[in-house]
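# Structural description and commentary
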Amino acid sequence: MKSDNPSPNPAEENPTEILQKFVGVFLSKGWLNRTLRIRHRDRRYHVSCSELEFSAYRINDCCEIPPGFPGWPVCIITRDHILDDQAMSAFASEEPSIQEWLRCFQNSDFELI
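Here goes a summary of the coordinates provided. (Residues numbered from 1 in each chain as written. Predicted model: local features only at pLDDT ≥ 70, side-chain atom pairs only at ≥ 80, totals over all residues. Heavy atoms only, no water.)

### Things to note about the pairing of strand β2 (residues 43-49)
Counting buried positions over the 7 residues of β2 gives 6, a clear majority of the element. Summarising the sheet, strand β1 (residues 35-40) and β2 pair through 6 bridges and their orientation is antiparallel. Bridge pairing links leucine 36 to valine 47 in β2. The antiparallel hairpin formed by β1 and β2 contains 2 residues in its connecting segment, where arginine 41 sits at a positive phi of about 55°. The pairing of β2 with strand β3 (residues 53-59) spans 5 bridges and is antiparallel. In the sheet register, histidine 46 faces β3, and the bridge partner there is tyrosine 57. (Buried < 20%, exposed > 50% of the residue type's maximum accessible area, 1.4 Å probe, protein only. Helix = DSSP H or I, 4+ residues; strand = E, 2+ residues; numbered from the N terminus. Pairing = 2+ DSSP bridges.)

Next up, the structure:
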């Protein structure tokens, strides 16, 4: 059951430590401070990571929407907070969890688009 007041850290882990894991992966791959447009699990995302924030935005595939950056956040990690689709959605999420995002980038399990 979802809480009326989602925790700023649904994973009950230290946000700074989790962000540092993402920073380490992105730094080692040469992706730190860059925005990547990727396909993962047949879905398109804009993802970026800096020393201050990791973010993943799902790109809306609906062709009736005007061009630009239509989409919605599915994962945002800062030094103070973790927000992911599972905590933000009232329904079961089909988006990757925080650990699945980390594995995705560690293993390069995505396609650059």
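### Focus: the nonpolar core
Formed by 25 residues in total, the largest nonpolar core has its most connected members in Phe22, Phe26, Phe54, Ile77, Trp101 and Phe105. For this core, the elements supplying multiple residues, two or more each, are α1 (15-29), β1, β2, β3, β4 (71-78) and α3 (98-106). Per element, the largest residue contribution to this core is 6 residues, and it comes from α1. Beyond its immediate chain neighbours, meaning those up to four positions away, phenylalanine 26 contacts Trp31, Leu32, Leu36, Ser48, Cys49, Phe54 and Phe105. (Core = buried A, V, L, I, M, F, W, Y, C linked by side-chain atoms within 4.5 Å. Contact = heavy atoms within 4.5 Å.)

### Quick look at α3
Looking only at α3, the buried set comprises Ile98, Trp101, Leu102, Cys104 and Phe105. Taken end-on, α3 shows its buried residues confined to a sector of 160°, consistent with a single buried face. In this structure, the buried side of α3 is in contact with α1, β1, β2, β3, β4 and β5 (82-84). Two residues or fewer past α3, serine 108 is found with a positive phi of approximately 50°. (Arc of directions from axis to C-beta.)

### Observations regarding unusual backbone geometry
Located in the positive-phi region is asparagine 33, a residue other than glycine, with phi close to 65°. Positionally, asparagine 33 belongs in the loop between α1 and β1. Of note, the phi angle at aspartate 42 is positive, near 60°, even though the residue is not glycine. Checked against the element boundaries, aspartate 42 lands in the loop between β1 and β2.

### Describing α1
For α1, with 15 residues, the first-to-last C-alpha span of 21 Å sits near the 21 Å given by 1.5 Å per residue. Along α1, the positions that sit buried rather than exposed are Pro15, Ile18, Leu19, Phe22, Val23, Val25 and Phe26. One face of α1 carries all of its buried residues, which in axial projection span an arc of 165°. Seen from the open side of α1, the exposed residues pointing more than 90 degrees away from its buried face are Glu17, Leu27 and Ser28. Of the surrounding elements, those touching the buried residues of α1 are β1, β2, β3, β4, β5 and α3. The opening residue of α1, the one whose side-chain oxygen lies 2.8 Å from the backbone nitrogen of threonine 16, is asparagine 14. Backbone geometry just after α1 places glycine 30 at a positive phi near 80°. (Expected span 1.5 Å × (residues − 1). Polar contact = N/O pair within 3.5 Å; in protein donor to acceptor, adjacent residues only side chain to side chain.)

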